[in-house]
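Listed below, chain by chain, are the residues.
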Amino acid sequence: MKQQKFVFSKSIAFRWIISYAIIMLIPLIVSAVVYTQTKKVVEYEIQRASGAMLKQVKYMVDSEINQAEKLAMLLSIHNDVNSFLNMNPDSEQQGSFQIFKTQQELSKYKSANNFIKGIYLYSGRLGTMLTDETYTDSALFYEMNRQSFNVSQQEWQQILDTPMIQSGKLRPFIQFKRVGNTVLLIKPLSNIKEKDTTRGVLFIALNSNTVQKMLANVDWVNNGDVYIVDQANQIMFQNNKIESPPIFSFVETDNKEADSSFLTIAGTENMVSFIGSDTSDWKYVSVFPSNTFWEKAREIRNLNLLGLLVCFLIGGVVIYYVARRNYNPVRELVNVFSYPKQERSMWRADEFSFIRENALATIRERDDMSSREYKQLRVLQAYYLTRLLKGQAEEGLSAQEAAGRYQLNWSTEHFAVLLFDIQPDEASATSMNLSHFIVTNIMLDVAQEFHSLSFTDMDGMLAAVINIQPERISVWKEDMEQALVKTLEFTDQRYRLQIVMAGSEHEVGVAGIHHAYLQALEAQEYRLFSEENVSIWYGDIEPLEAEYYLSINDELAFINMIKTGDLEKATEKVDEILNQVFSSQSSIEMLKCAMIDLASSMMKSVPLEAQHAQIWEESRPMKRLLACTTRGEFRQELLQILQMVCHKINEKLSLLSNTGIGEQVAEYVEKNFDDINLSVSMIGAEFGITPQYVSRLFKEQMELGLHDFISQTRTSKAKLLLQQGASIEETSSKAGFSSSSAFIRVFKKYEGITPGKYKNLQ
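> When you look at the layout of surface pockets in this model, what are you seeing that I'm missing?
Over the atoms rolls a probe the size of a water molecule, and its path tells where empty space is left. In this structure, the largest pocket occupies an estimated 690 Å³ of space. In terms of lining, the largest pocket is formed by 29 residues, of which the most central are Arg378, Thr440, Leu444, Ser454 and Phe455. At the level of secondary structure, the elements contributing two or more residues to the lining of the largest pocket comprise α9 (351–389), α11 (432–447) and β17 (452–458). Here the residues of the lining of the largest pocket are counted per class, giving 13 nonpolar, 14 polar and 2 charged.

> Please explain the packing of aromatic side chains as it appears in this structure.
The description of an aromatic ring pair uses the distance of the two centres, along with the angle that the planes make with each other. For the coordinates displayed, the defined rule picks out 13 aromatic pairs. Between Phe84 and Tyr135, the ring centres sit 5.9 Å apart and the planes meet at 80°, which makes this aromatic pair edge-to-face. Of this pair, Phe84 sits in helix α2 (residues 79–85) while Tyr135 sits in strand β4 (residues 135–137), and the two are 51 residues apart along the sequence. Using a relative accessible area of 0% as the deciding quantity, one classes Phe84 as buried. Ring centres 6.0 Å apart and planes at 65° place the aromatic pair Phe237 and Trp282 in the edge-to-face group. With Phe237 in strand β11 (residues 235–238) and Trp282 in the loop between β13 (268–276) and β14 (283–289), this residue pair connects regions lying 45 residues apart in the sequence.

> For this particular structure, what's the right way to read the environment of Ile499?
Assignment of secondary structure puts Ile499 in strand β19 (residues 497–503). Of the residues examined, Ile499 reaches a relative accessible area of 6% and is grouped as buried. Once the C-alpha coordinates of Ile499 and Pro424 are considered, the two residues, 75 residues apart in sequence, prove to be 8.6 Å apart. For Ile499, the residues in contact, after removing those within four places along its chain, are Phe420, Asp421, Ile422, Val439, Leu484, Thr487, Leu488 and Thr491.

> Explain the environment of Ser286 to me, please; I cannot follow it from the model alone.
Along the polypeptide, Ser286 turns up in strand β14. Residue Ser286 is classed as buried on the basis of its relative accessible area, which comes to 0%. Separated by 58 residues in the primary sequence, Ser286 and Ile228 place their C-alpha atoms 8.8 Å from one another. Aside from chain neighbours lying at most four places away, what touches Ser286 is Ser50, Met53, Leu54, Asp225, Val226, Met271, Val272 and Ser273.

> Sorry, what's going on with the nonpolar core here?
Within soluble globular proteins, side chains that are nonpolar generally end up buried alongside one another. Judged by nonpolar contacts, the single largest core of 40 residues is most densely connected at Leu121, Leu206 and Trp282. Element by element, the count of residues in this core is highest for helix α1 (residues 12–76), at 9 residues. Grouped together as the second largest cluster of nonpolar side chains are 22 residues, Ala399, Tyr406, Ile513 and Tyr517 included.

> Hey, could you run me through a nonpolar patch on the surface in this one?
A cluster of nonpolar side chains, namely Phe14, Ile18, Ile22, Leu25, Ile29, Val33 and Phe312, defines an oily patch on the protein surface of about 640 Å² accessible area. In terms of residue count, α1 provides more of the nonpolar patch than any other element does, 6 residues in total. Relative to the assigned elements, Ile22 resides in helix α1.

> Sorry, what's going on with helix α21 (residues 661–672) here?
Given 3.6 residues per turn, any residue in an α-helix points the same way as the ones three and four places further on. Look at α21: 16 Å from first C-alpha to last across 12 residues, which is about the 16 Å you get at 1.5 Å a residue. All buried positions along α21 are accounted for by Ile661, Gly662, Val665, Ala666, Tyr668 and Val669. In an axial view of α21, the angular spread of the buried residues amounts to 160°, which keeps them on one side of the axis. For α21, exposure combined with an orientation more than 90 degrees from the buried face picks out Glu663 and Lys671.

> Where do I start with the side chain of Thr136 in this structure?
Relative to the helices and strands, Thr136 is located in strand β4. Sequence-distant contacts of Thr136, that is, excluding residues within four places in its chain, are made with Thr128, Met129, Phe141 and Met144.

> Just checking my understanding: could you explain helix α24 (residues 706–723) for this structure?
Look at α24: 26 Å from first C-alpha to last across 18 residues, which is about the 26 Å you get at 1.5 Å a residue. What α24 keeps buried is the set Leu706, Phe709, Ile710, Ser711, Thr713, Arg714, Thr715, Ala718, Leu721 and Leu722. On its buried face, α24 sits against α21, α22 (680–687), α23 (691–702), α25 (728–734), α26 (740–751) and α27 (755–761). Backbone geometry just downstream of α24 places Gly725 in the positive-phi region, at approximately 95°.

> Which parts of the structure should I look at to understand the confidence of the model for the chain?
In the predicted model, the chain carries a mean pLDDT of 76, and 79% of its residues have values of at least 70. Within the chain, strand β3 (residues 128–131) carries the highest mean pLDDT (87), whereas helix α17 (residues 608–611) carries the lowest (52). Low pLDDT (under 50) marks residues 1–5, which in the prediction has 9 contacts with non-local residues, meaning those over four places away or in another chain. Taken together, the stretch residues 340–346 has pLDDT below 50 and engages in 7 contacts with residues farther than four places along the chain or on a different chain.

> Just to check I follow, could you spell out the packing of α21 against α22 for this structure?
Geometrically, a packed helix pair is captured by the angle between its two axes and the distance between the axes. Packing of α21 against α22 brings their axes to within 11 Å, and their N-to-C directions diverge by 120°. Taken together, the axes of α21 and α22 are oblique relative to one another. By crossing handedness, the relation of α21 to α22 is classed as right-handed. Contacts from Ile661, Gln664, Val665, Tyr668 and Val669 of α21 reach α22 at Met682, Ile683, Glu686 and Phe687. A class-by-class count of the residues in the contact of α21 with α22 yields 7 nonpolar, 1 polar and 1 charged.

> When you look at the pairing of β19 in this model, what are you seeing that I'm missing?
Looking along a regular strand, one sees the side chains alternate between the two faces of the sheet. Of all the 7 residues making up β19, 6 are buried; the element is thus mostly covered by neighbouring parts of the structure. Strand direction decides the pairing type here: strand β16 (residues 414–424) and β19, joined by 7 bridges, are antiparallel. Bridge pairing in β19 links Gln423 to Gln498.

> Sorry if this is basic, but what is going on with the pattern of salt bridges here?
In a structure, side chains of opposite charge can pair up when their charged atoms sit close to one another. Evaluated as defined, the whole model comprises 12 salt bridges. A salt bridge links Glu667 to Lys671, with the nearest nitrogen and oxygen atoms 3.5 Å apart. With Glu667 and Lys671 both in helix α21, this residue pair falls 4 residues apart, about one helical turn. A relative accessible area of 46% means that Glu667 is categorised as partly exposed. Overall, the relative accessible area of 60% leaves Lys671 in the exposed class. Here the salt bridges share partners, and the residues they tie into one network are Lys110, Asp132 and Glu133.

> Sorry, what's going on with the packing of α24 against α26 here?
Contact pair α24 / α26: the axes reach a minimum separation of 10 Å and the direction vectors enclose 100°. Considering the angle they form, α24 stands roughly perpendicular to α26. Seen from α24, the contacting residues are Asp708, Ser711, Gln712, Thr715, Ala718, Lys719 and Leu722; seen from α26, they are Phe743, Val746, Phe747, Lys749, Tyr750 and Glu751. Tallied by class, residues from the contact of α24 with α26 come to 6 nonpolar, 3 polar and 4 charged.

> Would you explain the sheet that holds strand β12 (residues 258–265) in this entry?
Adjacent strands of a sheet pair through backbone hydrogen bonds, lying either parallel or antiparallel. Spatially, β11-β10-β14-β13-β12 is the arrangement adopted by the 5 strands of the open sheet, whose pairing is antiparallel. On the outer flanks of this sheet lie β11 and β12, each paired with one strand and no other. Adjacent strand axes in the sheet meet at a mean angle of 25°, parallel and antiparallel pairs treated alike. As judged from the 5 bridges shared by strand β10 (residues 225–229) and β14, these two strands associate in the antiparallel manner. For Val226, the partnering residue across the bridge sits in β14 and is Ser286. Sheet contacts for helix α7 (residues 208–216): β10 and β11; angle to β11, the most-contacted strand, approximately 50°.

Conventions and cut-offs
In this numbering scheme, every chain counts its residues from 1 along its sequence in written order. A pLDDT threshold of at least 70 governs which residues receive local features in this predicted model, and a stricter bar of 80 or more applies before side-chain atom pairs are shown or counted, although totals over entire chains, interfaces and linings include all residues. Side-chain numbers here rest on the full set of heavy atoms in the structure, without hydrogens or water. Residues are called lining when one of their atoms sits within 4 Å of a cavity or pocket point, these points coming from a 1 Å grid over the protein atoms alone, where a cavity is a set in which a 1.4 Å probe fits but cannot get out and a pocket is an open set with protein on both sides within 12 Å along at least five of seven lines. Grid points are joined across faces, edges and corners, and a volume is the space filled by probe spheres set on the points. Only runs of H or I of at least four residues qualify as helices and only runs of E of at least two qualify as strands under DSSP, and these elements are numbered from the N terminus. Put simply, Ala, Val, Leu, Ile, Met, Phe, Trp, Tyr, Cys and Pro go in the nonpolar bin, Asp, Glu, Lys and Arg in the charged bin, and everything else, Gly too, in the polar bin. Paired rings are identified among Phe, Tyr and Trp, the last through its six-membered ring, by centres lying within 6.5 Å, and are further divided according to the angle between planes into stacked (under 30 degrees), edge-to-face (over 60) and tilted (the rest). Exposure classes here rest on a 1.4 Å probe applied to the protein chains alone. A residue is buried below 20% of its type maximum, exposed above 50%, and partly exposed in between. By definition, residues are in contact when any of their heavy atoms lie within 4.5 Å. Take the buried residues of types Ala, Val, Leu, Ile, Met, Phe, Trp, Tyr and Cys, join any two whose side-chain atoms come within 4.5 Å, and each joined set is a nonpolar core. Here, patches come from residues exposed beyond 30% relative accessible area and free of salt bridges, joined within 9 Å for like charges and within 5 Å for nonpolar side chains (Val, Leu, Ile, Met, Phe, Trp, Tyr). In these tables, accessible area is a Shrake-Rupley quantity obtained with a 1.4 Å probe, and a residue counts as shielded only by the protein chains included in the view. A side-chain nitrogen of Lys or Arg and a carboxyl oxygen of Asp or Glu constitute a salt bridge if their distance falls within 4 Å. Here, expected helix span is obtained from the residue count minus one, scaled by 1.5 Å. Each direction from the helix axis to a C-beta atom contributes to the arc, which is the arc of those directions. Scored from 0 to 100, pLDDT reflects the predictor's confidence in each residue. Whenever a helix is involved, its axis is fitted only over the stretch in contact; in every case the axis is a line through C-alpha atoms, and angles between N-to-C directions fall within 0 to 180 degrees. We call two directions roughly parallel when the angle between them is under 35 degrees, roughly antiparallel when it is over 145, roughly perpendicular when it lies between 65 and 115, and oblique otherwise. Take the far helix as the reference: if the near one is turned anticlockwise from it by less than a right angle, the crossing is left-handed, and if turned clockwise, right-handed. Any two strands between which DSSP finds at least two bridges are classified as paired.

In structure tokens, the structure reads:
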């Protein structure tokens, strides 16, 4: 057999070679990853060691600082200290012993703590400084400690005299400040009665030598530099005497309590770490050179590069051999597919694309055939179910025979029918077809455990034929209600569908499906008519023997209410009758008959002349009433008829009560005929009734149209003016006409001649 020839723009063999070559990059990537991870491990170890060291330093120094702060608090409330601060120049001489006693207390506290270099107590009233060794004025004290403090006398005095409140802010409760080579704990002592006034200042000088010894006993400290800085990055303590220490501005970024970073200082890369103090605003900073940690990492990198070179040499040979060997089965598979002669030697992307294209075409062809068969089967099933529901099924056909012919899952001769009224929520965009599809699949899923369901569309509703299992005949309704509840739970959460079910009773045989459908249809019609938005079974609506509810006494009472025009009481009577009618299980025909009879009673109360009125002919109340299908529609139409009837009766009653209104209107026209705005509408507004009604009342009582009466009155007044010699324009204005032309037209209509001729005749 001659093989077909195919040409590929990018052969799979070429792709394999490229892919294998890419695989060779994996060792390089792995080596880079290993080197990167090694670097991260080394950096992590450096950071961990630096952090552990700083935590150790922080623990030791913070504990000492805490002790110093406690001592400051203790001295601030000490009786001897307060006695000294309360002295004034007059009582200083008498308090010499008290000063000596206070000095002894300070000396005792200093000797008990080697972290404290000295304790100084400044009295603002005396301007003197009491220490654990001496008692002198502040100026002499400054001269004695000038070299240690290394600040000007003015700056020193400013520290002593700083008020408790500066720029509206309270002075810090306890403050640490480096003064020259000495770190001082400064605690202002306020007046008890005047807390914003400084009585004195307590200074505790911290021993830097003690801190040096602490740092020397910590691991790793000798390999780098350790600094203790305050909030302004001023160095408080350090382990090495460096003239130009590095700047640690990075410790202020993002207000972090701890951080680590690699920084280049004086051309050397260093690991710089810091951690915040728990007792003060200090930070502990360490600086370690990172060169000593990278030696092992560089050795690992060199070993990786050597291994990569060996991998490339061996891998090149293996790639060529494996690619050729793996390509032979692919070529054989390509030659399996057969194409017409005109399609041979065609270009394809690669062998796999060629194979995939042909395989997918075969699968699509198979799936299309299966889909067409399934759709045809669904159409046949739906058509057969529709014929069954309409009573057009083949006679003598058993359920098993129908199931075998139309592939229905029927195994018994027991059937029932359900009708589903599905209404999507207003906010939902679910179409009716999609709603039917969703409910069908969910009901099949939840109900197939007990019974077999077959669905079809019937006049816009979803109909289901249930094949009931014999062992569950007694509980099949409960099964369907439970399945509907589960369906509602699922659809309400996702699709917001409102589903109401109407079901038939149990029927036997295929022929009974039509009877079941008629029962379900009647149950659905009853549910819609009574406006009950709940699922209903045909067995629940079988009509009982009930008497006719609209009795003669009720009808006479109702007619009397209408004849009196009492719309409110008549409406209450309508609702009472409706409740009586719908509270029984009467048939739908009986309910409709009661509604029509109720409307007929209203019609009997309408005046004879109103029954032939145009508005009554246009509204056609009885025709609209017969078109109603629900209780709500019946009530709405009945109330509209009732309103029209009461309106007509009230008009008649009002007409009878307004006998003298014609004379009142005539008198009003006589007084206001000269008003150009006089009209039927103006008269109606004056008397508080509609223009049509006032015109109608006037005509009935005066036997003359109101518009004609106004025109005749003005014409009569104009004749008198013309007889007195007034001009046509003057007469027109005084008689209430809008213009001379209107005056001439109206005058000629009622007098037969123009105003000019009438004036000449006079």
